[in-house]
Amino acid sequence: MKKSFRGLMLLAGVLVLLPLVLPNAYYYDVAIRVALNACVAIGLNLLIGYTGQISLGHAGFLGIGAYGSAILTGRFDWPPIAALLAAALATGALALLVARPILKLKGHYLAMATLGLGIILSIVIVNETAWTGGPDGMPVGGFGLSGWQIAGERAWYGVAAVLLMLVTVLALNLIDSPAGRALQAIHGSEVASRVSGVDTTAFKVRVFVLSAVLASVTGSLSAHYVGFLTPGVAGFFHSIELVTMVVVGGMASVFGSILGTAILTMLPQLLSAFEGWETLAFGVILMLTMIFLPRGLVPSLRLKLGRGKK
Amino acid sequence: MLTVDKLCKTFGGVKAVQGVSFTIEAGTIYAVIGPNGAGKTTLFNLISGVYTATEGEVRLHDEVITNKRPEELARRGMSRTFQNLQVCMNMSAVENVMVGAHLRLNSGLIAGMLRLPGVGRADKTCHDEAAALMAFVGVGQYVTAHASQMPYGALKRLEIARALAARPKLLLLDEPAAGLNHTETGEIGVLIRKVAAGGVTVVLVEHDMKLVMNLSDRILVLNHGSKLAEGTAAEVRANPAVISAYLGASV
């Protein structure tokens, strides 16, 4: 509890001070994308790191949010906030529908099933050209709320930073609650949690839906921010990227997800000179992390620092 | 309190438990013994809903509970430990015990995320109760420890604390003394007595004969999945079938 409070203060400090040191719009753009992606990664970490259930298809849920918002605002003139909520609701409903059969599976089978789900969603987005523009993508309008428009990097940074702070607090609260302990107990020992009265299926379903809805909301906001959508947001590679953020940052570590996201969002910028090789870099980084820091960055560092003190 | 009636379990062609019947009175300590592979743990898994029975019936307070899910049985006051430790190594020691209190707490995801005032307060109480339970089972010094830092003997007690955190009426202990040395076994015996004195009906599977004979009000002897004998410690010890099959014939 105390530990996470210090982390929260650090995060708040960084988020508040960052605008003072960000030199130009380009760096703002990177910071905004880190903050938004981190929200997805935190949600995914609740599922993967804390509950121990893998999903290789979460970009699909992000895609529903992004395309749902784009289509409802662009084609039907819905207000962006209504489109965001409708897309989140649809994502939640879909996640709820598929969660029960999918989460009965374990290990490799669960990975395959979620992978398949992500690919199906991605294929739908690519093929429904009339609605989504297919591989050519589609433009998305800005995000406004009753006359007030989020315009410019600074405004978007503010929104992304507040959202990240909110998601972090909610996630930390959850982990330190009876529900959060039930989720972690499922990871630790499914049979022990069952005999303790934990309805493991219900909890797996709930956390799956929660992480999917979070991905959808973030997808909607990202779509409005970037202003243009291509099917890649819902694609397989993006799903893997999200899992990589969780694993590199640290399983079962909220702050690890933020750090992992920051590293993996900035890395392609640094590696953009090697066009097409970023994929390889992602792979190499994931492999090196698994070999040298199997717990991920934040938990490993915490362990090292803890030892150093003694 | 607990009645088991002609319970059977087959795994493919193997009859792990065949037609076992017995009754356990409330407030007693009941032991299940037998050689390795006699079906003791299978019997536990059947009673606690981890396995589904092939045939037969289990009744708790005259209510049929055969093949109910473990989480439902927990709701009815049944709790258990495991022969192979099932402690959550990804959590702290006290959090493990708090998982045992799951059913008494508001475990809504949204309530947890928003840390509603009631949730926070109940959680604080739960933490204190869990710490007190850890002291009760004799692992009070590990309250601030992570489960992965605890030695084996302490983890066995931690499991008992988690089971007790559910405030069970019926507690199943699967080999509570397995892997413990002589002194530790004695201490576990004292602990089990304390638990039973608190009004909890205890059923245990155990290999340590001295512990079983000292502790148990009644003993069930299993051999090859079926009931060989049942009775008090003295009756079981005097039973010729038991002596030849299990304790070793005194020639």
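J.: So what exactly am I meant to see when it comes to the overall build of chain A here?
T.: Per the secondary structure count, chain A includes 14 helices and 4 strands. For chain A, whose C-alpha radius of gyration is 19 Å, the value lies close to the compact-globule estimate of 19 Å for 310 residues. Overall, chain A is about 55 × 45 × 40 Å in size when its C-alpha atoms are taken along their principal axes. Every one of the 310 residues in chain A was classed for burial, and the buried ones make up 50%. The contacts in chain A between residues at least 6 apart in sequence include a share of 76% that link residues at least 24 apart.

J.: Looking at this structure, how should I read the domain arrangement of chain B?
T.: Quite often, the size of an interface is put as the accessible area lost when its parts meet. Residue and element names in this part refer to chain B. Domain annotation for chain B reports domain 1 (1-77 + 169-251) and domain 2 (85-167). Facing the 10 residues of domain 1 at the interface are 10 residues of domain 2. Elements represented by at least two residues in the side of domain 1 that touches domain 2 include exactly helix 2 (70-75) and helix 7 (182-197). It is helix 7 that provides the largest number of residues to the side of domain 1 that touches domain 2, a total of 4 residues. By residue class, the composition of the side of domain 1 that touches domain 2 is 6 nonpolar, 1 polar and 3 charged.

J.: Mind showing me how you'd approach the sheet that holds strand 10 (residues 226-231) of chain B here?
T.: In a beta sheet, neighbouring strands are held together by backbone hydrogen bonds and run either parallel or antiparallel to one another. Residue and element names in this part refer to chain B. Here we have 6 strands laid out as an open sheet, ordered 6-7-8-3-9-10, and mixed in their pairing. Edge strands, defined here as strands with exactly one partner in the open sheet, are strand 6 (78-80) and strand 10. Across the sheet, the axes of successive neighbouring strands diverge by a mean angle of 20°, strand direction being ignored.

J.: How should I be thinking about the packing of helix 3 (residues 58-76) of chain A against helix 10 (residues 200-226) of chain A in this particular structure?
T.: In helix packing, the relevant descriptors are the interaxial angle and the interaxial distance, both defined with respect to the helix axes. All names here are of chain A. Running from amino to carboxyl end, helix 3 crosses helix 10 at an angle of 45°, the nearest separation of the two axes being 7 Å. Between helix 3 and helix 10, the interaxial angle falls into the category oblique. Two packed elements cross with a definite hand, and for helix 3 against helix 10 that hand is right-handed. Of helix 10, the residues touching helix 3 (which contributes His-58, Phe-61, Leu-62, Gly-63, Ile-64, Gly-65, Ala-66, Gly-68, Ser-69 and Ala-70) are Ser-211, Ala-212, Ala-215, Ser-216, Val-217, Thr-218, Gly-219, Ser-220, Ser-222, Ala-223 and His-224. Classifying every residue of the contact of helix 3 with helix 10 gives 9 nonpolar, 12 polar and no charged.

J.: Is there a simple way to think about the nonpolar core in this case?
T.: Soluble, globular proteins show a tendency: their nonpolar side chains are buried together. Among the nonpolar cores identified, the biggest contains 168 residues, and B:Met134 and B:Ala161 are the most heavily contacted of them. By residue number, the principal contributor to this core is helix 2 (residues 25-50) of chain A, which donates 15 residues. Residue-level mapping places this core at the junction of two domains, with at least three residues from each of domain 1 (1-77 + 169-251) and domain 2 (85-167) of chain B. Sequence-distant contacts of B:Met134, that is, excluding residues within four places in its chain, are made with B:Ala93, B:Val94, B:Val97, B:Val139, B:Gly140, B:Tyr142, B:Val143 and B:Ala161.

J.: I'm lost on the interface of chain A and chain B in this one. Help?
T.: Every contact between the two is made by 26 residues of chain A and, on the other side, 33 residues of chain B. For the side of chain A that touches chain B, the leading source of residues is helix 8 (residues 178-188) of chain A, giving 9 residues. Split by residue class, the side of chain A that touches chain B holds 12 nonpolar, 10 polar and 4 charged.

So, how was this worked out
Residues numbered from 1 in each chain as written. Chains lettered and ligands numbered in written order. Predicted model: local features only at pLDDT ≥ 70, side-chain atom pairs only at ≥ 80, totals over all residues. Helix = DSSP H or I, 4+ residues; strand = E, 2+ residues; numbered from the N terminus. Rg over C-alpha atoms; globule rule 2.2 N^0.38 Å. Buried ≥ 20, exposed ≤ 12 C-beta atoms within 10 Å, placed from the backbone. Contact = placed C-beta atoms within 7 Å. Domains from an automatic or database assignment. Nonpolar A, V, L, I, M, F, W, Y, C, P; charged D, E, K, R; others polar. Pairing = 2+ DSSP bridges. Axes fitted to C-alpha atoms, helices over the stretch in contact; angles between N-to-C directions. Parallel < 35°, antiparallel > 145°, perpendicular 65-115°, else oblique. Left-handed = near helix turned anticlockwise from the far one by under 90°. Core = buried A, V, L, I, M, F, W, Y, C linked by C-beta atoms within 7 Å.

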